[in-house]
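# Geometric and topological summary
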Amino acid sequence: MPEVRTGGSGQRSWGNVVCRLQVSKIQSRVVSEGKGLRDRGKTLAQGTPEAMTKRNREADKLVTAFWILLCQAMDGQQKSRREATRIMWYISTRGMAPRVDFEGALFSGYAPDGGLFMPEELPQLGIETLRHWSTLSYPSLVKELCTLFIGPELIPRHVLNVLIDQAFCRFRHKEVVHLSRLRNGLNVLELWHGATYAFKDLSLCCTAQFLQYFLEKEKKHVTVVVGTSGDTGSAAIESVQGTKNVDIIVLLPQGHCTKIQELQMTTVVRENVHVFGVEGNSDELDEPIKAVFADVAFVKKHNLMSLNSINWSRVLVQMAHHFFAYFQCAPSLDTYPLPPVEVVVPTGAAGNLAAGCIARKMGLPIRLVVAVNRNDIIHRTVQRGDFSLSKAIEPTLASAMDIQVPYNMERIFWLLSGSDSQGTRALMEQFERTQSTSLPKELHSKLSGAVTSESVSDEAITQTMGRCWEENQYLLCPHSAVAVSYHYQQTNKQQPSLPRCCLAPASAAKFPEAVLAAGLAPETPADILALEFKETRCTPMRKGDDWTLMLRNTIEGLSWQQRPQS
């Protein structure tokens, strides 16, 4: 049994033990009280009519007392059962929305108050649980984490196991996630063995399975709206294409993705897939999406949801990256306390970083390094508490990280502030009004204590890709190179350091332009080459168009198609 101190499956198992103990005590009390009452009844039965009347009154009392005791036993049993099947609740980071269960968080995207959903309380994992989990495969780790945060009352464990196995069945590597151990202590965790060659496949395949489970159970239809900087869109399309009870609308930033990233989206010509090419960057295309989701009545009427990393389910599955990285790279789990491992997280919207912060809060002994490209709002926030937009997004070789609004930082602020919803709401509302804010001193201190940061130039990216190939004959994608650049900086100092794992979010096969810029030869799989010859479909959203109106009209049209035909 996992050793879990707060929430989760361990507490549910403990609740069953408590339930049996409580019922046993009350049953013993009923038997004891009943024996005493029965003996008194026998004495009263022998006597005068007055005694007989008194006996009848006592008999009534006996019956009443027995039923009270029986009801207490039943109430105690029901209470313990409720505690034994304790629901994991989710609350908004801004504190102004009703709490929801996992299903509610899955279908919501943004909370009604504009915040993001987070667990009301986090399970705390003990050392024995971590030692046990260290023996598990990546899919098994996902199952354990999802059991804690979803709960068997929503998805029974045997069903959850099937859903997760189904999610990962098409991954190209038998381990699903693979660690490459390279020269000079370089560990690269390959998160890109799914259908679209990016880490988004891991969380979106699972999320789509959870989605289908609830939709089929409740006979519902949803429309998914996704904004992408390159990889999320294709992974989201892949996870739900051809599904009868899901329509998906994807907004991609025309000209800001690689050609392969665009083709992975525009070549999926399925009835339930609707792709828009926006004349703007990834932050600009997020604006109409946020405007639509701010209309709570519209969202409810048309059953809208998002599969961006604002969706809690995405962050939940991404926690497994950090646990797997730790268990693969920790020198030994036989010592106390457990040894720390440094995990380097290349990021744009900070979803993987939020997942790491949560894992760390649960008791995983990792030290987090966030690595970004020249779009460095996260780096400035960690270093100086400066959470503000730059004048413009700078196009870089690591294009999927060309983001100025890392919305998952809101989850991190809330987590590190001790679940301070009021403070988080004030901070984010100021940022939304002015596009600039400074973290309170205490919050900045906690952030800089929890996370180290680095910003990496395009020149450093190509140098890193070249060095890794020269030393290992291993091709990095430019986003992975952002993380590995930090590793090389540390090894160049020739100082003792912790074991380190660099997360690799995508395959180099998706970024031949960056590979060529590094003076290397691209290696392109046959299924990616075949994209060039497929039919494409993409609706333009041009500058000057009302993007919010276009999005609303598309959603309303899809809802009309779903209406029963008379």
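Small disclaimer: the values here were computed from a predicted structure and weren't measured.

Turning our eyes to something else, we now look at the sheet that holds strand E13 (residues 451-455). Pairing is mixed in the open sheet, where 6 strands are placed in the order E3-E4-E14-E9-E10-E13. Only two strands of the sheet have a single partner each, and these edge strands are strand E3 (178-181) and E13. Put simply, the sheet's adjacent strands are angled 25 degrees from each other on average, direction ignored. One ladder, built from 4 bridges, connects E3 with strand E4 (residues 187-190); its direction is antiparallel. Considered in E4, the bridge of Arg 181 is made with Asn 187.

Moving on: the packing of aromatic side chains. What characterises a pair of aromatic rings is the spacing of the ring centres plus the angle enclosed by the ring planes. Under the definition given, this model contains 13 aromatic pairs. Both rings, one in Phe 102 and one in Phe 210, keep their centres 5.8 Å apart while their planes meet at 80 degrees; by these two values the pair is edge-to-face. Placement of Phe 102 in helix H3 (residues 102-106) and of Phe 210 in helix H7 (residues 200-218) is noted, with a sequence separation of 108 residues between them. Judged by relative accessible area, Phe 102 falls into the buried class, the value being 0%. Here Phe 210 falls in the buried class, since its relative accessible area comes to 0%. Aromatic pair Phe 168 and Phe 171: ring centres 5.5 Å apart, planes at 90 degrees, arrangement edge-to-face.

Turning our attention to the environment of Thr 491. Relative to the helices and strands, Thr 491 is located in helix H19 (residues 478-492). Classification of Thr 491 as partly exposed rests on a relative accessible area of 26%. C-alpha separation for the pair Thr 491 and Asn 184, spaced 307 residues apart in sequence, amounts to 7.7 Å. Ignoring sequence-local partners within four residues, the contact set of Thr 491 consists of Asn 184, Arg 467 and Arg 500. Side-chain polar atoms of Thr 491 contact the backbone oxygen of Tyr 488, separated by 3.0 Å.

Here we come to helix H13 (residues 351-361). Extensive coverage of H13 is indicated by the burial of 9 of its 11 residues. Along H13, the residues classified as buried are Gly 351, Asn 352, Leu 353, Ala 354, Ala 355, Gly 356, Cys 357, Ile 358 and Ala 359. Gly 363 sits one or two positions beyond H13 and adopts a positive phi of about 120 degrees.

Further remarks concern the sheet that holds strand E15 (residues 539-541). Across the sheet, 5 strands lie side by side as E8-E5-E6-E7-E15; this open sheet has parallel pairing. Looking along the sheet, the strands with just one partner apiece sit at the ends: strand E8 (304-306) and E15. Neighbour to neighbour, the strand axes of the sheet diverge by 25 degrees on average, direction disregarded. The pairing of strand E6 (residues 246-253) with strand E7 (residues 273-278) spans 6 bridges and is parallel. If you follow Ile 248 over to E7, its bridge partner there is Val 273. This element, H7, spans strand E5 (222-227), E6 and E8 of the sheet and lies at about 145 degrees to E6.

Empty space among the atoms becomes apparent when a probe as large as a water molecule is rolled across them. For the structure shown, the criterion picks out 2 cavities of 30 Å³ or more. As a volume, the largest cavity reaches approximately 370 Å³. Lining the largest cavity are 29 residues, and of these Lys 200, Ser 229, Ala 349, Ala 400 and Ile 403 sit closest to its centre. Secondary structure elements with two or more residues in the lining of the largest cavity: helix H8 (231-240), helix H10 (282-294), helix H12 (312-329) and H13. A per-element tally of the lining of the largest cavity places H10 first, with 4 residues. Residue composition of the lining of the largest cavity, grouped by class: 11 nonpolar, 13 polar and 5 charged. Of the voids in this model, the second largest cavity is the one considered here, and its volume is about 60 Å³.

Turn by turn, an α-helix covers 3.6 residues, leaving residues three or four places apart pointing in a common direction. If you check helix H16 (residues 421-434), its first and last C-alpha atoms are 20 Å apart, about what 14 residues at 1.5 Å a residue would give, namely 20 Å. Those residues of H16 that fall on the buried side of the exposure criterion are Ser 421, Thr 424, Leu 427, Met 428 and Phe 431. Down the axis of H16, the buried set is contained in an arc of 135 degrees. They therefore lie on one face. Of the residues in H16, the exposed ones pointing more than 90 degrees away from the buried face are Gln 422 and Arg 433.

Further remarks concern the confidence of the model for the chain. When pLDDT is averaged across the chain, the result is 87; 84% of the residues are at 70 or more. This stretch, residues 6-31, has a pLDDT under 50; its non-local contacts, to residues over four places away or in other chains, come to 45 contacts. The low-confidence segment residues 41-45 (pLDDT under 50) makes 5 contacts with residues lying over four places distant or belonging to another chain.

Summed over all chains, the structure comprises 19 salt bridges. Arg 94 is the partner of Glu 410 in a salt bridge, and the nearest nitrogen-oxygen pair spans 2.8 Å. Separated by 316 residues along the polypeptide, Glu 410 in helix H15 (residues 409-416) and Arg 94 in the loop between strand E1 (90-92) and H3 bring together distant segments of the chain. Each member of the pair, Glu 410 together with Arg 94, is buried. One continuous salt-bridge network, built from bridges that share partners, spans Arg 94, Lys 290, Glu 410 and Glu 432.

Time to look at the packing of helix H6 (residues 157-168) against H7. As a packed pair, H6 and H7 sit with axes 9 Å apart at the nearest point and diverge in direction by 135 degrees. Taken together, the axis directions place H6 and H7 in an arrangement best described as oblique. As H6 runs across H7, the sense of the crossing is right-handed. Residues Val 159, Leu 160, Leu 163, Ile 164, Gln 166, Ala 167 and Phe 168 of H6 touch H7, and the partners they reach there are Leu 202, Cys 205, Cys 206, Gln 209, Phe 210 and Tyr 213.

To continue, consider unusual backbone geometry. Here the residue pair Tyr 336 and Pro 337 is connected by a cis peptide bond, since its omega of -5 degrees sits within 30 degrees of zero. Relative to the helices and strands, Pro 337 resides in the loop between H12 and strand E9 (341-346). Here Val 176, not a glycine, exhibits a phi torsion of approximately 70 degrees, which is positive. Within the element layout of this structure, Val 176 appears in the loop between H6 and E3. The backbone of Gln 473 shows a phi angle near 55 degrees, a positive value even though the residue is not glycine.

The rules behind the values
Residues numbered from 1 in each chain as written. Predicted model: local features only at pLDDT ≥ 70, side-chain atom pairs only at ≥ 80, totals over all residues. Heavy atoms only, no water. Pairing = 2+ DSSP bridges. Helix = DSSP H or I, 4+ residues; strand = E, 2+ residues; numbered from the N terminus. Axes fitted to C-alpha atoms, helices over the stretch in contact; angles between N-to-C directions. Phe/Tyr/Trp six-rings, centres within 6.5 Å; stacked < 30°, edge-to-face > 60°. Buried < 20%, exposed > 50% of the residue type's maximum accessible area, 1.4 Å probe, protein only. Contact = heavy atoms within 4.5 Å. Polar contact = N/O pair within 3.5 Å; in protein donor to acceptor, adjacent residues only side chain to side chain. 1 Å grid on protein atoms, 1.4 Å probe; cavity = no way out; pocket = protein on both sides within 12 Å on 5 of 7 lines; lining within 4 Å. Points joined across faces, edges and corners; volume = space filled by probe spheres on them. Nonpolar A, V, L, I, M, F, W, Y, C, P; charged D, E, K, R; others polar. Expected span 1.5 Å × (residues − 1). Arc of directions from axis to C-beta. pLDDT = per-residue confidence, 0-100. Salt bridge = Lys/Arg side-chain N within 4 Å of Asp/Glu carboxyl O. Parallel < 35°, antiparallel > 145°, perpendicular 65-115°, else oblique. Left-handed = near helix turned anticlockwise from the far one by under 90°.

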